Amino acid sequence: MKRSKSILVGAASVLAFSGIPVFVAGAHADPSCVVSATGSTSGKSYTVKVTSNPCGRQARAYLGCINPGTFYRTNKYGATISGTSTSKATCHSDDKIEKRGHQVYVPGQGWTTYLH
């Protein structure tokens, strides 16, 4: 079992360095449930397209927003989706995008953020 975890982590590392955002849930991950997503920024919004979601896990767009005048930070989330679809999160008009990515809900673990 230890070897299969190493192979899974190694494969995820190779994909991450190739520019393909990849989700692998913790040590109890089922390798057949890997969620893949890409994203694009437009103005104050970030749209995530889930390209592979074989187990139908819930996913959503994520933005970390910051107000440059007050340094107040907020998190914004897009609509929750299952399967392959898109989700869009938008910062307030006065805010700047500080972080962007997607989140995946893993039963028993909760929401996990993957920055793009």
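Residues numbered from 1 in each chain as written. Predicted model: local features only at pLDDT ≥ 70, side-chain atom pairs only at ≥ 80, totals over all residues. Heavy atoms only, no water.

## Here's the deal with unusual backbone geometry
Non-glycine residue F71 carries a positive phi angle of around 60°. Mapped onto the elements of the fold, F71 is located in the loop between β4 (59-66) and β5 (73-77). (Helix = DSSP H or I, 4+ residues; strand = E, 2+ residues; numbered from the N terminus.)

## Some words on the confidence of the model for the protein
Of the residues in the protein, 75% reach a pLDDT of 70 or more, and the chain-wide mean stands at 82. Taken as a whole, residues 1-28 scores under 50 in pLDDT and shows 28 contacts with residues more than four places along the chain or in a different chain. (pLDDT = per-residue confidence, 0-100. Contact = heavy atoms within 4.5 Å.)

## Remarks on the pattern of salt bridges
Considering all chains together, one arrives at 1 salt bridge under this definition. The closest approach of N and O atoms between R73 and E98, which form a salt bridge, is 2.8 Å. In this pair, R73 sits in strand β5 while E98 sits in strand β7 (residues 96-106), placing the two residues 25 residues apart along the sequence. (Salt bridge = Lys/Arg side-chain N within 4 Å of Asp/Glu carboxyl O.)

## Digging into the state of the cysteines
All told, the structure shown has 2 disulfides when counted by the stated rule. Covalently, C33 is tied to C55 through a disulfide, its sulfur atoms 1.9 Å apart. Between C33 and C55 the sulfur-sulfur dihedral comes to about -75°; the bridge is accordingly left-handed. With a gap of 22 residues between them, C33 in the loop between β1 (22-23) and β2 (35-42) and C55 in the loop between β3 (45-52) and β4 connect regions that are remote in the sequence. By relative accessible area, which is 7% here, C33 ends up buried. Judged by its relative accessible area of 39%, C55 falls in the partly exposed class. The disulfide partner of C65 is C91, and the gap between their sulfur atoms is 1.9 Å. On the sign convention where negative means left-handed, the S-S torsion of about -85° between C65 and C91 marks this disulfide as left-handed. Of this pair, C65 sits in strand β4 while C91 sits in the loop between β6 (86-90) and β7, and the two are 26 residues apart along the sequence. Neither C65 nor C91 differs from the other in exposure class; each is buried. (Disulfide = S-S within 2.5 Å. Buried < 20%, exposed > 50% of the residue type's maximum accessible area, 1.4 Å probe, protein only.)

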